[in-house]
Amino acid sequence: MTNSSPAQLIDGIALSREIRADIAHRTSLLKQKGITPGLAVVLVGDNQASQVYVRNKVKACADAGLHSVLEQYPASMSEDDLLARIDALNTDASIHGILVQLPLPAHIDAQKVIEAIAPSKDVDGFHVNSAGALMVGRPGFWPCTPYGCMKMLESIGFDLKGKHAVVIGRSNIVGKPMALMLLQKNATVTICHSGTKDLKAMTLQADVIVAAVGKVNVLTADMVKPGAVVIDVGMNRNALGKLCGDVDFEGVKQVASYITPVPGGVGPMTITMLLVNTVEAAERLAAGG
Ligand code: NAP
């Protein structure tokens, strides 16, 4: 079954532009008090994709008037040396947010490094303190990607109360926090994963579907209830080498009411929410906590 008209796009670039304008404004207010929000981005190794991501993050900071530093280290860096750098950044007054780009080389325990970041500077929202705060509904930092998805739902005025949300994927950085955020907005949430027996039976019940798997065409038109809202977190390459999401965009857009594109959807929102968290960290410090 198809929807009466094709889905409307939720444009992550346009929404990012709006939010980043607000970030620039909040940054200028902080600067009037002598505070420039600062982000430290730490990259270990020479992963090509990571290099692109960190450059984009640093550029986004500069565009919004934030201070940023990019620390790049060879893949041979020891865990102890990295922990010492995190320690130094924790006490650096010009830095309000610390982001360690993942993945880290195999000899470094990524969770140990994340736990070394001061929770007040955990702008990626991956520290257990941040995860716990989200779990119990206390102030903290929300992981940027699911936070960006929530902003996209908010932008279309989608009231989650009583709606059935299906999240496909249960990673600590996307799927699980996404489910908790949807729950916090009073959706009824189902989390699917590689062990889910009948994914289609789950997604067909959904008013909103968030696909965060990392596989092309995980969600096709026959799996979507007409009028559902579809958020595509996936970042994959199709057979032609073109960037695409987890969702069969052309098919699903005939059924859904709203859909996010890839590229131009969740990706830019992730960086935008990193800026939001960094400015928030600086504002909290300025407010004395
Ligand atoms: P991940 O850690 O690999 O998690 C993938 C999840 O998908 C796992 O929970 C896995 O289940 C589940 N899964 C795998 N195959 C499945 C299937 N056939 N049916 C249902 N569930 C299945 O990945 P991630 O870090 O969450 O990222 C997911 C995708 O989002 C990737 O493409 C990544 O590149 C993209 N991403 C994009 C952004 C952005 O800014 N746009 C940010 C972060 C991630 P199990 O737990 O059972 O293994």
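A.B. asks: When you look at the site of the ligand in this model, what are you seeing that I'm missing?
C.D. replies: Close to the ligand lie 20 residues; Arg170, Ser171, Ser194, Lys215 and Thr270 are nearest. The side chain of Ser171 places a nitrogen or oxygen atom 2.5 Å from an oxygen atom of the ligand. The side chain of Thr270 places a nitrogen or oxygen atom 2.8 Å from an oxygen atom of the ligand. If one sorts the elements of the shell around the ligand by residue count, helix 10 (residues 266-286) sits on top with three residues. When the residues that make up the shell around the ligand are grouped by side-chain class, the tally is eight nonpolar, 10 polar and two charged.

A.B. asks: What is the right way to read the sheet that holds strand 6 (residues 188-192) from this model?
C.D. replies: Two strands in a sheet stick together by hydrogen bonds in their backbones, pointing the same way (parallel) or opposite ways (antiparallel). Sheet architecture is open: six strands sit in the order 1-11-8-7-5-6, paired in parallel fashion. Two strands lie at the open edges of the sheet, namely strand 1 (8-9) and strand 6, each paired on one side alone. Note that strand 5 (residues 164-168) and strand 7 (residues 208-211) share four bridges and pair parallel. Along strand 7, the bridge assignment pairs Val166 with Ile209.

Conventions adopted
Residues numbered from 1 in each chain as written. Predicted model: local features only at pLDDT ≥ 70, side-chain atom pairs only at ≥ 80, totals over all residues. Heavy atoms only, no water. Near = heavy atom within 4 Å. Polar contact = N/O pair within 3.5 Å; in protein donor to acceptor, adjacent residues only side chain to side chain. Helix = DSSP H or I, 4+ residues; strand = E, 2+ residues; numbered from the N terminus. Nonpolar A, V, L, I, M, F, W, Y, C, P; charged D, E, K, R; others polar. Pairing = 2+ DSSP bridges.

That's the geometry; what it means functionally is another story.
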